[in-house]
There are 12 protein chains.
Amino acid sequence: MTKPVFILNGPNLNMLGTRETDVYGSQTLDDIADLCNDKAKTLGMIVDFRQTNDEGELVNHVQEARQGACAIILNAAAYTHTSVALHDALRMADVPIIEVHLSNVYKREEFRHKSFVSPVAQGVICGFGAQGYELALDAAAKLI
Amino acid sequence: MTKPVFILNGPNLNMLGTRETDVYGSQTLDDIADLCNDKAKTLGMIVDFRQTNDEGELVNHVQEARQGACAIILNAAAYTHTSVALHDALRMADVPIIEVHLSNVYKREEFRHKSFVSPVAQGVICGFGAQGYELALDAAAKLI
Amino acid sequence: MTKPVFILNGPNLNMLGTRETDVYGSQTLDDIADLCNDKAKTLGMIVDFRQTNDEGELVNHVQEARQGACAIILNAAAYTHTSVALHDALRMADVPIIEVHLSNVYKREEFRHKSFVSPVAQGVICGFGAQGYELALDAAAKLI
Amino acid sequence: MTKPVFILNGPNLNMLGTRETDVYGSQTLDDIADLCNDKAKTLGMIVDFRQTNDEGELVNHVQEARQGACAIILNAAAYTHTSVALHDALRMADVPIIEVHLSNVYKREEFRHKSFVSPVAQGVICGFGAQGYELALDAAAKLI
Amino acid sequence: MTKPVFILNGPNLNMLGTRETDVYGSQTLDDIADLCNDKAKTLGMIVDFRQTNDEGELVNHVQEARQGACAIILNAAAYTHTSVALHDALRMADVPIIEVHLSNVYKREEFRHKSFVSPVAQGVICGFGAQGYELALDAAAKLI
Amino acid sequence: MTKPVFILNGPNLNMLGTRETDVYGSQTLDDIADLCNDKAKTLGMIVDFRQTNDEGELVNHVQEARQGACAIILNAAAYTHTSVALHDALRMADVPIIEVHLSNVYKREEFRHKSFVSPVAQGVICGFGAQGYELALDAAAKLI
Amino acid sequence: MTKPVFILNGPNLNMLGTRETDVYGSQTLDDIADLCNDKAKTLGMIVDFRQTNDEGELVNHVQEARQGACAIILNAAAYTHTSVALHDALRMADVPIIEVHLSNVYKREEFRHKSFVSPVAQGVICGFGAQGYELALDAAAKLI
Amino acid sequence: MTKPVFILNGPNLNMLGTRETDVYGSQTLDDIADLCNDKAKTLGMIVDFRQTNDEGELVNHVQEARQGACAIILNAAAYTHTSVALHDALRMADVPIIEVHLSNVYKREEFRHKSFVSPVAQGVICGFGAQGYELALDAAAKLI
Amino acid sequence: MTKPVFILNGPNLNMLGTRETDVYGSQTLDDIADLCNDKAKTLGMIVDFRQTNDEGELVNHVQEARQGACAIILNAAAYTHTSVALHDALRMADVPIIEVHLSNVYKREEFRHKSFVSPVAQGVICGFGAQGYELALDAAAKLI
Amino acid sequence: MTKPVFILNGPNLNMLGTRETDVYGSQTLDDIADLCNDKAKTLGMIVDFRQTNDEGELVNHVQEARQGACAIILNAAAYTHTSVALHDALRMADVPIIEVHLSNVYKREEFRHKSFVSPVAQGVICGFGAQGYELALDAAAKLI
Amino acid sequence: MTKPVFILNGPNLNMLGTRETDVYGSQTLDDIADLCNDKAKTLGMIVDFRQTNDEGELVNHVQEARQGACAIILNAAAYTHTSVALHDALRMADVPIIEVHLSNVYKREEFRHKSFVSPVAQGVICGFGAQGYELALDAAAKLI
Amino acid sequence: MTKPVFILNGPNLNMLGTRETDVYGSQTLDDIADLCNDKAKTLGMIVDFRQTNDEGELVNHVQEARQGACAIILNAAAYTHTSVALHDALRMADVPIIEVHLSNVYKREEFRHKSFVSPVAQGVICGFGAQGYELALDAAAKLI
């Protein structure tokens, strides 16, 4: 398999490890990218790891995945709860989609319980911090 | 009349014709642009046909319309249902606004029944596929 | 094609042009019937234009359309928002259905935002006054 | 003044005095008509007293009132709570409208607390049985 | 016993057997009338079987039942969910009332789960197609 | 009959005639008191006319009415919509209670549609300005 | 046919005939079992009649029905309104399911209007007391 | 580590592989138990794999876990959505809790979106079929 | 008086004193049983003190109380908020029922504010820890 | 201990024993005051027993309690359900607060199920009539 | 300008500085009055600073402001969220109204998010402690 | 202090002064920037004044503020009501945040009453037009 897994990260995840470490853990997004690269190697996969604060750009990445990726692992952060545009892009993506969250969103504010990603994802993994990305790669390896 | 009609298209409409053709039809957005240009010619109008996945850019286009367009035909796609920013931009636009949807949104998910565009539009046309744009041009011709 | 398009009008539309002209325009229902006949002629179609204040009679007309019409253009007025009987009749009608409203109902009271017609119609056209009927005929011509 | 006051009664009021006398009192609708005629005479007015079980017919009567009546006293009974068609007809009626109910509807089931008549009526009188019609005539006399 | 059982059928049931046979079965309303007559004979009862698309007329039939029927079997179809007028008429009817639906309404749209008939009926039978009428006659035979 | 009718007025009614005359009319509360006294005289009744801005004092007046009045005519103004204390006092009052409002509250903000007075009143009269008090006295005369 | 009809009864139905006879009638559950056995005999069927107060046990019975029964007649009593576990078991049951209630649940508290059984049942019979079981056997005989 | 991971399965999961294989996959619960045992071995862990249809028994198992287990992997099935008792037991359990679902519950009925387990779990894994249990064991290995 | 007071305790109360002592206090359920026995003795009463994690068993105990107890003191814990079965059993119990909670449930999660026990109990005592049982015995002594 | 327990009573409780004795019992508020004084004596406490119909005065009493009382027993009657001012005063009171109601408010109208007192009280006692005050004193004795 | 600015303070603000200093700060209401007087002096204004726990009295103060004040600065505390009477008084006040809160009410309980003052105020300042009053005076100086 | 105050303006604020001057006043955004610079100078502060129509860019600016600003004054316009991404960015910002709106948003449409900014801001100032920015600078000066 030559196409990468797209690992897409939404708004404010670039701040990981610097703020609210009680909620999100102390690893930076670069640490997580490293973790994912290592894990992917053991699975014979490659990853394309990206982050953006912009809803439109996130939609672009998902659209790009349709041709360019074998699977999408998506931590859409805040856009999870508000973006119908993202929902629509994912519905057209034609590759397996795995929703990941670092924290257990169901322990947090009510408005984080609604996900526009879940209804178009294969499955959801949340609450396991950075390990969640590794589990998602395991799951992706099996799905593709 | 020398100002064009702005025909503005929102997120994921650039994917038209390639995916979910049962919902949106098999025409591509380029096909629709051609259709609109042809129709406009018969009405003695010109069109400026655009698409963007970005909410902020869509707001920019609407703001630009205030000076640069004689009317707006808007298929805001997902932003129809979530964008107060778009609503506010349209409220200031000072030209006739026609809301278009390819599919009949009222047959789809509950969250697509709410429109932030409708309360600031002259009228709504939905469910007629690409023909909806032609009908909108007819309507625009009469309004301006 | 020899079957007419049924253009069915619901309660109080017989009062058009005499009251609330700011909302509904100054044309009478007869004016609109004339407009529709003219438009139909240009499309090689004929129309059967009716109005009733009675829910049961409106249901009868829709049932009659199943055998006797090639399409239904329906401005159900107040029954749009309350009539499950109309909804059920339309669901059985087996011909294309186009929902029309003179005003943009989404700019009006909350109770006018709910439509029992929309989920069983091909598409919706609202807010363009009498022109909406002409646009609906254009759409019907293409659908049949 | 030569135009009568229309006193319009909705569904099931023809059964008055024979059933549920604990809720509606023991007077028949004919008794109430007599009461109204007597009261009107003392006020120098004439009344046109009607009853129908049919929503469409009730709408017709209200439309007729626009030309033929100086005021409408309306006990729409069940249609009070469900008829947008009646609401629309009343909005166009151009004469004073007084809503009457025999019983105090606010003491009864939740679905009787919603009225489509109230927002288009001058005022509401409820809970005084047949006397409510007399009070309504007093009010009408002052309004016209 | 000489009074008939009124079997009253609401809007669109006259279309039975011709449309949506997956939901309502392939029997026509005449077939069901025959079935009811046969069944009634075995129970020593007679039936008066009617259908109307009109809410007001359905109210009239229920009012007539008060003197003229020993029981009401009512399939009010769409008016089940919207008619307070029917509810009020039934409340005054003074004979046993059995609510019947061909389909299991609780498997269908949310708006069909609300019934204005149920709170004033003795019991409800739904989901058994035409046999439901026979079961209702059995129940009526026991109640009267 | 020697006990007076208590006519109790709630908060801000002492400002009548000076502000918002489009909603409440131009008569002062003193004008209305005079009107009530005159009307009462023609009915052989006497009135005790009071106003207070204080919820607790309004409750006191209602409690006093139990022994000291033959009926209560109550325009509770804002407390209509918020006071459970008033509701409880009225429930214990043991004399006929008539709810009056100068304006048609059902034409105004949603929060004015809820009344804690209506469920414990004999009836409601609203929308007839100062005349509403006269109609209420007519009704009271008949009830006592 | 050799497999029995399972007639399953939920919590508190073992108390029948001893308490709240105004709601549930004076027959005991044993009386109803007898009635069912008699009725089944006339239809050439046999019944397996059970009762339990335990949700888990009721789920077990439904699971057992999949192999061991030709149909399920289920009066789940309180678990009707709360048990998703029961709903899931029924969904897998692969035999016709008929929901029965002794009383008309739609005349009772709001929380009894919601049924987790109805969406997975063939049909519903309620309000006819013990006779409801007989009607259900009639219906089952036809379905299997 | 000598304490086992409790893998607790709720109602109807004993039916796995025999019914609704489109939703839950074709593996039986025994297959999943084998998978878990194999996986655990590779992680140096042991598992205690149980299933029950009974809410009370499931609560007992969770209580037992407090002393007897190093972690809980819980697929509570239907009780996920209704059991406050389970929620309370988990809150006291003092070992890491991982919520697992075979299907993506967020793609199913609304009533399956509410979980009483999530607010007291470390994390959630859903939509990956039997593999979800393996991922949960991976996560547990890291947490303990 | 020879019949005991049944003191029934619901799910997870067997864990008292070992977990969440900030919410529930440090006394074990055995401590509370002792307290109740002592208190009962001073009142000349005897108690039958039970606990179960099982909804069905709790229903059984309540049914048994009808013949075997002079009163029920019930701390239904989680089943308070979810069990219609318990509600129905209590409604048939024919002895005074007192609802007790150790903590003030109204200070806790929203889902603990709804009680299916309260509408069928004589009264409620909550927030006083183990003393609440003693107060309940005082209340029971007076009621029987 | 020299500071008294404040026993504060809200609106309409001064009418106790004279009206609605089926709901509130036949004891007057003076009877309850006597009962409380007697009970307090046996506990070595003194009480300061007050009643007011005025929300502001009730707030004053609660503020006074902060310095002048060792505990508050509060039957806020109607203000329980509407007074945020009372809630705020209680939050600042710094002494144990016990909420008492004579009747079981959870058996009454929906609007009596909401309490602004409960979230700031130690505990709640309701449904035991005048004895509820005695139980509250027992509880207070233990808390202080 | 000779008329003072009325600075009106609602219930429990007299307790400022003594309780809940984490929410409201450590300044007393007298401290704030001093601050306001000083600030007013620098703006050439005078202030009339009042506090009351009574809703009726607060209404009186607002009514008095109509003639006696050049502006109202209002911290209505708890009455902000519940008082329609206050809303009505403010609507008639005819002078600029500025709503102030010491704390950021939008960070607190849901019931504090609703304000009956905001819709009739010029603007809102909240979350800045005592400085909020100074800012309000600045704003008032500009408005008058 | 050398770090500037970031004054961030959201979508459509670049149109200020040209449209809807009745709602937003006649000043342009440049006018407001000048006003802020002047005011800041008097306070010994400097400001960095920005505007964007793009949600992602607004998030970037807030992230930049964490290191580069001493405070944030934020008029997020439409994104106030919809942007969880903005909310999350602000939560991590670690500098005082002041929410400003030109108009009183609580007088406008319901969807403008919800703010994702308020729960993470120090305070809110709205309804004072351009002066609101000056007041915010005053507040910021005190907070830093």
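Report follows, based on the coordinates. The structure displayed is predicted, hence computed values, not measured ones.

## Comments concerning the pairing of strand 1 (residues 5-9) of chain G
All names here are of chain G.
- Among the 5 residues that make up strand 1, 5 are buried, leaving the element largely enclosed by the rest of the structure.
- Residues of strand 1 alternate between two faces, with Val5, Ile7 and Asn9 on one and Phe6 and Leu8 on the opposite face, all of them buried.
- As defined by bridge partners, strand 1 adjoins strand 3 (residues 71-75) across 5 bridges and the pair is classed as parallel. Residue Asn9 lies in a different strand from strand 3, and its bridge partner there is Asn75.
- Both strand 1 and strand 2 (residues 47-51) contribute to a ladder of 5 bridges, which runs parallel. Paired with Asn9 across the bridge in strand 2 is Gln51.

## Remarks on the sheet that holds strand 2 (residues 47-51) of chain D
- The strand order across the open sheet formed by 10 strands is 2(D)-1(D)-3(D)-4(D)-5(D)-5(F)-4(F)-3(F)-1(F)-2(F), and the pairing between neighbours is mixed. Each having just a single partner strand, strand 2 of chain D together with strand 2 (47-51) of chain F make up the two edges of the open sheet. Here the average twist between neighbouring strands, direction ignored, is 20 degrees.
- Where helix 2 (residues 29-43) of chain D meets the sheet, its contacts fall on strand 1 (5-9) and strand 2 of chain D, and the angle it forms with strand 2 of chain D comes to roughly 165 degrees.
- Helix-sheet contacts for helix 6 (residues 131-143) of chain F involve strand 5 (123-126) of chain D together with strand 1 (5-9), strand 2, strand 3 (71-75), strand 4 (97-101) and strand 5 (123-126) of chain F, and the interaxial angle to strand 4 of chain F is about 170 degrees.

## Looking at the interface of chain A and chain H
- Contacts between the two partners involve 22 residues from chain A, matched on the other side by 22 residues from chain H.
- Roughly 1,800 Å² of surface becomes buried between chain A and chain H when both sides are summed, with 56% attributable to carbon and sulfur atoms.
- Sorting the residues of chain A by area buried against chain H places Tyr106, Phe128 and Gln131 of chain A first, and these three jointly supply 29% of that buried surface.
- Linking chain A with chain H are 1 salt bridge.
- The salt bridge involving Glu134 of chain A is made with Lys142 of chain H; its shortest N-O contact spans 4.0 Å.
- Our count for the chain A to chain H interface comes out at 13 residue pairs in polar contact (both at pLDDT 80 or more).
- For the side of chain A that touches chain H, the leading source of residues is helix 6 (residues 131-143) of chain A, giving 7 residues.
- Of the residues that constitute the side of chain A that touches chain H, the class distribution is 12 nonpolar, 6 polar and 4 charged.
- Two strands pair when backbone bridges link them, and strand 5 (residues 123-126) of chain A and strand 5 (residues 123-126) of chain H are joined in this way by 3 bridges, in the antiparallel orientation.

## A word on the interface of chain I and chain J
- Counting residues at the interface gives 22 residues for chain I, matched by 22 residues for chain J.
- Inspection of the region where chain I meets chain J yields 1 salt bridge.
- At the boundary of chain I with chain J, the tally comes to 13 residue pairs in polar contact (both at pLDDT 80 or more).
- Those elements giving two or more residues to the side of chain I that touches chain J turn out to be strand 5 (123-126) and helix 6 (131-143) of chain I.
- The greatest single-element share of the side of chain I that touches chain J, amounting to 7 residues, is contributed by helix 6 of chain I.
- Here the side of chain I that touches chain J is composed, by residue class, of 12 nonpolar, 6 polar and 4 charged.

## Section: the environment of Leu74 of chain E
All names here are of chain E.
- With respect to the helices and strands, Leu74 occurs in strand 3 (residues 71-75).
- A relative accessible area of 0% means that Leu74 is categorised as buried.
- A C-alpha to C-alpha distance of 6.2 Å links Leu74 and Asn9, two positions 65 residues apart in sequence.
- Contact partners of Leu74, with chain neighbours within four places excluded, come to Leu8, Leu58, Leu86, Leu90, Ile98, Glu99, Val100 and Val117.

## Things to note about helix 2 (residues 29-43) of chain G
Residue and element names in this part refer to chain G.
- Over its 15 residues, helix 2 runs 21 Å from end to end, which matches the ideal 21 Å to within 8%, given 1.5 Å per residue.
- Among the residues making up helix 2, those that are buried are Leu29, Ile32, Ala33, Cys36, Lys39 and Ala40. Within helix 2, the buried residues cover an arc of 130 degrees as seen down the axis, which keeps them to one side. For helix 2, exposure combined with an orientation more than 90 degrees from the buried face picks out Asp30, Lys41 and Thr42.
- As for helix 2, its buried residues are in contact with strand 1, strand 2 and helix 6 (131-143).
- Directly beyond the C-terminal end of helix 2, a positive phi value near 70 degrees is found at Gly44.

## What to know about the arrangement of the chains
- There is a gap between chain H and chain J: no contact, and a shortest C-alpha distance of 21 Å.
- Chain K makes no contact with chain B, the minimum C-alpha separation between the two being 21 Å.

## A short note on the sheet that holds strand 2 (residues 47-51) of chain E
- Taken together, the 10 strands give an open sheet; going across it, the order is 2(E)-1(E)-3(E)-4(E)-5(E)-5(G)-4(G)-3(G)-1(G)-2(G), and neighbouring strands pair in mixed fashion. Only two strands of the sheet have a single partner each, and these edge strands are strand 2 of chain E together with strand 2 of chain G. Adjacent strand axes in the sheet meet at a mean angle of 20 degrees when their direction is disregarded.
- Here strand 4 (residues 97-101) of chain G pairs with strand 5 (residues 123-126) of chain G via 4 bridges, running parallel. Within the sheet, the bridge partner assigned to His101 of chain G lies in strand 5 of chain G and is Cys126 of chain G.

## Some details on the relation of the copies chain A and chain H
- Once chain A has been moved 0.0 Å along the axis and rotated by 180 degrees, it coincides with chain H to within an RMSD of 0.0 Å. What we have between these two chains is a two-fold relation. Ranked by how close their C-alpha atoms come to the rotation axis, the residues of chain A are headed by Ile125 of chain A, at 2.3 Å.
- Interface residue correspondence from chain A to chain H reaches 100%, placing this contact among same-surface, isologous pairings.

What counts and how
Residues numbered from 1 in each chain as written. Chains lettered and ligands numbered in written order. Predicted model: local features only at pLDDT ≥ 70, side-chain atom pairs only at ≥ 80, totals over all residues. Heavy atoms only, no water. Buried < 20%, exposed > 50% of the residue type's maximum accessible area, 1.4 Å probe, protein only. Helix = DSSP H or I, 4+ residues; strand = E, 2+ residues; numbered from the N terminus. Pairing = 2+ DSSP bridges. Axes fitted to C-alpha atoms, helices over the stretch in contact; angles between N-to-C directions. Contact = heavy atoms within 4.5 Å. Buried area = accessible area lost by both parts, 1.4 Å probe. Salt bridge = Lys/Arg side-chain N within 4 Å of Asp/Glu carboxyl O. Polar contact = N/O pair within 3.5 Å; in protein donor to acceptor, adjacent residues only side chain to side chain. Nonpolar A, V, L, I, M, F, W, Y, C, P; charged D, E, K, R; others polar. Expected span 1.5 Å × (residues − 1). Arc of directions from axis to C-beta. Least-squares fit on C-alpha atoms with pLDDT ≥ 70 in both.

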